[in-house]
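A structural walkthrough
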Amino acid sequence: MKYRGRIVSVLFGLLLVLTWDFIYYFVLHYPVDLKVDLVFTLLILFISYYMGKNHDTSHKTLAALRKSEERVKRLNEEMQHVLQSIDEVVFHTNSKGEFQFLNQSWEDYTGYTVKESLHKNALHFISLHERHEILRMVRQSISLKKEKMKMDFSYQKREGQFRWGEVNVKLNYNENGELLGTVGTISDITERVHNEEELIEMNETLAIESQKLSVAGQLAAGIAHEVRNPLTSINGFLQLLRDDADEKTKEYLGIVFSEIKRIELVLSELLILAKPQSVTYRRINIIETLDHVAKLLNTNAILYNIEIQTDFHERELHIRGDENQLKQVFINLLKNAIEAMPHGGTITITADVSPNNKVQLTFKDEGVGMKKDTLDKLGEPFFTTKTKGTGLGLTICLRILRDHGADIRVQSEQGEGTTFHIMFESVQASERKRRETLQNQ
């Protein structure tokens, strides 16, 4: 009740006045003096009212204070709940760098309990070889009166495992510019650091492979230029000699001509590797291309007791590319498969649409397969497992597929055969995406 103190106090004052009047007039029998009695009564009531008012004000202030304390307590509990629920480490240090607060994530990050880590210097948990650099950065930030700083560092967990962390720090200063302490967060970036290292290593590998191809291209151009001209002259003079030669000499010259054709084949592959070819990209039905290639090589495959089977779930799968170049790729893959099956068997070509709307082709043989170290070197210029191979066929195929934006994956085990998986962007999927984009505009 808002005026409880005043009401009680006034009533108590009236009771006091009545008690006093009873004793003064009826017990002690003093004469009645209305003026003095009225002044005394008003004075008592005024004092009672003033005391009651002070009581009501104090009670109201205390109630507001209790409510504020409850609100502060509730906010503090909510803040503690939020801090303890955050995945990142939240910390607070004093001016000496000693932890004054750590949330529960600290235990997950470091393996140390919060209790044993409090009041210890933060540098205690950082790798020795990084402490000097971090101290230098902190001192520099303090000298420049920076309010924020960010840095990466490595630390060792309790069980000995090294991890990487990213710390964001807010530095607090007093009026004189002296450091009072810090507040900040620590994020685990170990996975990101490892991914960056893998990316750097991958880029270095790609750079080396690109350099190899560049050198191979320059070498190929030089070889083709230096060899082709005298080879043409040799071929011409040998044809003149063959016209007047006897049967035995013609037989020998036939062998020479077949070897010259092989040299010309090698030169052609070198020229393809050396410079980009003029290609025409258009919409083609890859099923028709595969059918044509399978029929073309089927006669040759039969001579080696090999059957080429096709398994097409669709009769039309369209991609964008140069049909002649893709035929060159498919012929090369089938020739390699035939040569890898000395005891015969089956080569299976499949074509289908993958769940992500890409055209997926597979070339699977039952040949001798490859070891892992051979598989890792597959596609490198001049690397071959054949006694008469140039080591350029698959390199050229991979470049053609790369130019077509295709993904290629090879699976092979020694004695179990080899499977090539090739993924192309589907023209139908691309057109559907364009229509969806136009409809959404």
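Structure's up top.
The shown structure was predicted, so the numbers you read here are calculated from the model rather than taken from an experiment.

Cut-offs used in this document
What you see as residue numbers is a count from 1 along each chain, following the sequence as written. It should be noted that, the model being predicted, local features are given only for residues of pLDDT at least 70 and side-chain atom pairs only at 80 or more, the latter also being counted only at that level, while totals for whole chains, interfaces and linings use all residues. The basis for every side-chain value is the complete set of heavy atoms in the structure, and neither hydrogens nor water enter the calculation. Labels follow the DSSP assignment, with helices taken as runs of H or I lasting at least four residues and strands as runs of E lasting at least two, numbered in each case from the N terminus. Residues enter a patch when their relative accessible area is above 30% and they make no salt bridge; the linking distance is 9 Å between like charges and 5 Å between nonpolar side chains (Val, Leu, Ile, Met, Phe, Trp, Tyr). Using the Shrake-Rupley algorithm and a 1.4 Å probe, accessible areas are obtained, with residue cover drawn only from the displayed protein chains. The term salt bridge refers to a side-chain nitrogen of Lys or Arg lying within 4 Å of a carboxyl oxygen of Asp or Glu. We count Lys and Arg on the positive side and Asp and Glu on the negative side, and we leave His and both chain ends out. To locate a charge, take atom NZ for lysine, CZ for arginine, CG for aspartate or CD for glutamate. Three exposure classes are used, based on accessible area relative to the maximum for each residue type with a 1.4 Å probe and protein chains only: buried under 20%, partly exposed in between, and exposed over 50%. Axis lines are fitted to C-alpha atoms, over the contacting stretch for helices. Their N-to-C directions set the angle, which ranges from 0 to 180 degrees. An angle counts as roughly parallel when it lies under 35 degrees, as roughly antiparallel when it exceeds 145, as roughly perpendicular when it falls between 65 and 115, and as oblique in every other case. Handedness of a crossing is defined here by the sense of rotation of the near helix relative to the far one, left-handed for an anticlockwise turn of less than a right angle and right-handed for a clockwise turn. Contacts are residue-level and defined by heavy atoms, with any inter-residue pair within 4.5 Å sufficient. For this classification, Asp, Glu, Lys and Arg are treated as charged, while Ala, Val, Leu, Ile, Met, Phe, Trp, Tyr, Cys and Pro are nonpolar and the rest, including Gly, are polar. For two strands to be treated as a pair, DSSP must find no fewer than two bridges joining them. Take the buried residues of types Ala, Val, Leu, Ile, Met, Phe, Trp, Tyr and Cys, join any two whose side-chain atoms come within 4.5 Å, and each joined set is a nonpolar core. Pairs were defined over the aromatic rings of Phe, Tyr and Trp, the Trp ring being its six-membered one, requiring ring centres within 6.5 Å. Orientation was assigned from the angle between planes: stacked under 30 degrees, edge-to-face over 60, tilted for the rest.

Mapped onto the elements, Lys-2 comes out in the segment before helix H1 (4-27). Residues Lys-2 and Lys-53 lie 51 residues apart in sequence; the distance between their C-alpha atoms is 9.9 Å.

Here the focus is the environment of His-129. As for its placement among the helices and strands, His-129 is situated in helix H5 (residues 128-143). With 25 residues separating them in the primary sequence, His-129 and Ser-154 have C-alpha atoms 9.4 Å apart.

Moving on: a negative patch on the surface. A cluster of acidic side chains, namely Glu-197, Glu-198, Glu-201 and Glu-204, defines a negative patch on the protein surface. Relative to the assigned elements, Glu-204 resides in helix H6 (residues 190-243). Taking relative accessible area as the criterion, Glu-204 reaches 49% and is therefore assigned partly exposed.

In this section: a nonpolar patch on the surface. Nonpolar side chains collect at one region of the surface, where Phe-22, Ile-23, Phe-26, Val-27, Leu-28 and Tyr-30 lie side by side and expose about 620 Å² of accessible area between them. The partly exposed category is assigned to Ile-23, whose relative accessible area is 37%.

This part covers the packing of helix H8 (residues 286-303) against helix H9 (residues 323-339). Closest axis-to-axis distance for the H8/H9 pair is 10 Å, and the angle between their directions is 40°. The pairing of H8 with H9 is recorded here as oblique in orientation. Helix-helix and strand crossings are classified by hand; for H8 and H9 the assignment is right-handed. Facing Ile-286, Thr-289, Leu-290, His-292, Val-293, Leu-296, Leu-297, Asn-300 and Ala-301 of H8, the residues of H9 in contact are Glu-323, Leu-326, Lys-327, Phe-330, Ile-331, Leu-334, Lys-335 and Ile-338. Residues that form the contact of H8 with H9 fall into these classes: 11 nonpolar, 3 polar and 3 charged.

In spatial order, the strands read S7-S9-S10-S12-S11; together these 5 strands make up an open sheet with mixed pairing. Each end of this open sheet is capped by a strand with a single partner; those strands are strand S7 (306-312) and strand S11 (407-413). The mean angle between the axes of side-by-side strands here comes to 10°, regardless of whether they run parallel or antiparallel. Alignment of S11 against strand S12 (residues 417-425), held across 7 bridges, turns out to be antiparallel. Note on S12: the bridge partner recorded for Ser-412 is Thr-418. Packed onto the sheet, H8 meets S7, strand S9 (345-353) and strand S10 (358-364) and runs at close to 165° relative to S7.

Let us look at the pattern of salt bridges. Scanning the model with the defined rule gives 14 salt bridges in all. The shortest N-O distance in the salt bridge between Asp-56 and Arg-6 comes to 3.0 Å. With Asp-56 in helix H2 (residues 34-85) and Arg-6 in helix H1, the pair connects residues that are 50 residues apart, well separated along the chain. Taken individually, Asp-56 and Arg-6 each receive the classification buried, so the pair is uniform in this respect. For Glu-196, the salt bridge goes to Arg-192, with nearest N and O atoms at 3.7 Å. Taken together, the positions of Glu-196 and Arg-192, both in helix H6 and 4 residues apart, correspond to about one turn of that helix. Classification of Glu-196 by relative accessible area gives partly exposed; the value is 42%. Overlapping salt bridges, with partners in common, bring together Lys-150, Asp-152, Glu-166, Arg-192 and Glu-196 in one network.

Take the nonpolar core next. Core analysis: the biggest nonpolar cluster contains 36 residues, and Ile-286, Leu-290, Phe-330, Leu-361, Phe-363 and Phe-424 have the highest contact counts within it. For this core, the elements supplying multiple residues, two or more each, are H8, S7, H9, S9, S10, helix H11 (393-403) and S12. Those residues in contact with Phe-363 that sit more than four places away from it in its chain are Leu-290, Phe-330, Leu-333, Leu-334, Thr-348, Ile-349, Thr-418, Thr-419, Phe-420 and Ile-422. If you look at the next biggest cluster of nonpolar residues, it comprises 20 residues, including Val-167, Tyr-173, Leu-179 and Ile-186.

This brings us to the packing of aromatic side chains. Within this structure, the stated rule accounts for 8 aromatic pairs. Seen from their ring centres, Trp-106 and Phe-125 are 5.0 Å apart, and the 90° between their planes marks the pair as edge-to-face. Of this pair, Trp-106 sits in helix H3 (residues 105-110) while Phe-125 sits in the loop between helix H4 (114-117) and H5, and the two are 19 residues apart along the sequence. By the burial criterion, Trp-106 is buried, and Phe-125 matches it. Three or more aromatic residues joined by ring pairs form one cluster here, namely Phe-91, Phe-99, Trp-106, Tyr-112 and Phe-125.

Here the focus is the pairing of strand S5 (residues 179-188). Of the strand pairs in this sheet, strand S1 (residues 89-94) and S5 are connected by 6 bridges, and their pairing is antiparallel. When the bridges of S5 are listed, Asn-94 appears paired with Gly-181. Note: strand S4 (residues 162-173) against S5, 9 bridges, orientation antiparallel. Bridge assignment links Tyr-173 to a residue of S5, and that residue is Leu-179. Connecting the antiparallel pair S4 and S5 is a turn made up of 5 residues, with Gly-177 showing a positive phi of about 80°.

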